Amino acid sequence: MPSDEFDRFMESYDEPRVYGLRLNTLKISCEEFEKIAPFEVKKVPFISNGYYYDGENVQPAKHPYYHAGLYYLQEPSAMTPADRLEIRPGEAVLDLCAAPGGKATELGAKLCGEGVLVANDISSSRAKALLKNIELFGIRNPFVVSEPPVNLSDRFPEFFDKILLDAPCSGEGMFRKDTSVVKSYEGTGVDYYAKLQKDIIPHVITMLKPGGMLLYSTCTFSPEEDEMQIVRILNEYPEMKLCDIREYEGFAEGEPSWADGNEELRKCVRIWPHKMSGEGHFVALLKKDGEDTYSDRVLSVSKKKKQSSELAYFYEFANDLSWNIDETRLELQGERLFYMPQLLPSLRGMRFLRNGLYLGDCKNKRFEPSQALAMAIKPGEYKNTISLSCDDERVRRYLKGETIIFDEDETTGIKNGWVLVAVDSYPLGWGKINNGQLKNRYHSGWRLF
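Residues numbered from 1 in each chain as written. Predicted model: local features only at pLDDT ≥ 70, side-chain atom pairs only at ≥ 80, totals over all residues. Heavy atoms only, no water.

A. Looking closely at the packing of helix H9 (residues 190–207) against helix H10 (residues 227–236). Where H9 meets H10, the axes come as close as 11 Å, and the angle between the chain directions of the two elements is 35°. Read as a crossing pair, H9 and H10 show a hand that is right-handed. Between H9 and H10, the residues in contact are Ala194, Gln197, Lys198, Ile201 and Ile205 and Gln229, Arg232 and Ile233, respectively. For the contact of H9 with H10, the class distribution of residues is four nonpolar, two polar and two charged. (Axes fitted to C-alpha atoms, helices over the stretch in contact; angles between N-to-C directions. Helix = DSSP H or I, 4+ residues; strand = E, 2+ residues; numbered from the N terminus. Left-handed = near helix turned anticlockwise from the far one by under 90°. Contact = heavy atoms within 4.5 Å. Nonpolar A, V, L, I, M, F, W, Y, C, P; charged D, E, K, R; others polar.)

B. The packing of aromatic side chains, seen in detail. In the structure shown here, the tally under the stated rule is 31 aromatic pairs. Both rings, one in Tyr19 and one in Tyr53, keep their centres 5.8 Å apart while their planes meet at 45°; by these two values the pair is tilted. Highlighted residues: Tyr19 in strand S1 (residues 19–23) and Tyr53 in strand S3 (residues 50–53), separated in sequence by 34 residues. This pair shows no difference in class: Tyr19 is buried, exactly as Tyr53 is. Here the aromatic rings of Trp418 and Trp430 are separated by 6.5 Å at their centres, their planes lie at 80°, and the arrangement is edge-to-face. Here Trp418 is found in strand S21 (residues 417–423), whereas its partner Trp430 is found in strand S22 (residues 426–434), with twelve residues between them in sequence. (Phe/Tyr/Trp six-rings, centres within 6.5 Å; stacked < 30°, edge-to-face > 60°. Buried < 20%, exposed > 50% of the residue type's maximum accessible area, 1.4 Å probe, protein only.)

C. Quick peek at the side chain of Lys288. For Lys288, the location among the structural elements is in strand S13 (residues 281–288). Owing to a relative accessible area of 7%, Lys288 belongs among the buried residues under this scheme. Polar contacts involving the side chain of Lys288 include one to the main-chain carbonyl oxygen of Ile205, which spans 2.8 Å. With residues near it in sequence (within four places) discarded, Lys288 still touches Glu158, Ile205, Thr206, Leu208, Lys209, Pro210, Gly211, Gly212, Glu239 and Met240. (Polar contact = N/O pair within 3.5 Å; in protein donor to acceptor, adjacent residues only side chain to side chain.)

D. Highlighting the sheet that holds strand S15 (residues 336–339). Overall, antiparallel pairing links the four strands, which are arranged S14-S15-S17-S18 in an open sheet. Of all strands in the sheet, those with a lone pairing partner are strand S14 (330–333) and strand S18 (366–369), marking the two edges. When the angles between neighbouring strand axes are averaged without regard to direction, this sheet yields 30°. Bridge count between S14 and S15: four bridges; the pairing is antiparallel. Bridged to Leu332 within S15 is Leu337. Most of the contacts of helix H11 (residues 309–317) go to S18, to which it runs at about 55°, and overall it touches S14, S15, strand S17 (357–363) and S18. (Pairing = 2+ DSSP bridges.)

E. Inspection of the side chain of Asn120 at higher detail. Position of Asn120 relative to the elements: it lies in strand S6 (residues 116–120). Of note is the side chain of Asn120, whose polar atom sits 3.0 Å from the backbone oxygen of Leu96. With near-sequence residues (within four places) excluded, Asn120 lies in contact with Asp95, Leu96, Cys97, Ala98, Ala99, Leu130, Val145, Ser146, Glu147 and Leu152.

Written out as structure tokens, the structure is:
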């Protein structure tokens, strides 16, 4: 940065951090959220569905709307990579280093249930947190996997239309937000992460289709992890070209002088905490030479119904579900029933946590719907639904797993059996109701304590 900005940059670290949330546009629009927001919010000007909130005085993660998957808590600058990678429904999209899911959930929302979202994290424990957030958001077309990049590139050569590589980095841009990052930085440093990024990038480019787009990002200021990595891509892979990124007045250009002087680096974006209301970030958008075949893609939809005695119980349950289900995408794996994504090749030999939307279990001559299915249902899509107001104390009791009693007038038109429990019409989970008494089936691993 210019020397006359350094003092202001250092002073920014004495200022309080900012807090943000990003709306789940699969479930709610900005206009709808602003009408029902239970606490004061202010638009993030450079993110279409991002908001600031007062993190010192409100706790959005404790509100029922969070448990309904209406928003994801995310630092505002960290919203930029997924926001600036344009996604079209029906594409094959990869988030390579996806946990805990802040960027993957936004990419999945943009796909609108069409195509496939491959969300990977090499750490199986972190991938479990990733899976929960993807299910909480109601993503209908996920493939959640835990593999090293080399294994994925062997399986998916030139497969993806869009790839987001939020690369492992030294985290200099997060020092104000999380002081524990400083200790990690001191233990590893820039050189370690620069080598790791260099090792990952060839596998990413292998997986990108001709005409495909790669969004590279870090939350660090180090040129070795930012401009110098982009220069390496441009020099070693001439088919890759930098693209312009949608501007915002607080964005700064990349710095050619911090690499080899290539003026194309000005197309990169640096987010500085003294110039914007957020932490530090680096973003670069690249395109691979070749024809974009998206307009020629036809996603096969067959109307041939799969017949089996086990699926009969799901079809009976689905009479109350107003989805246009492609029965050829239903796959029974033992007792577990999945709705498989489009565009997905063979998964044999891969270490994955989820392949498709887990619908529920077909067993003992009945169908038991899953928590993932509940979260993937939008308001009005399931007939047998009971909705409570967000300030009804029974909402918190439901989220704790307690049995709920309803008055007779509250269950008018509700059938005994499986019922979808919602807050202000936004689904939370399942229960089984019998004459006004709800036996709680909210996911045991998600319950409040």
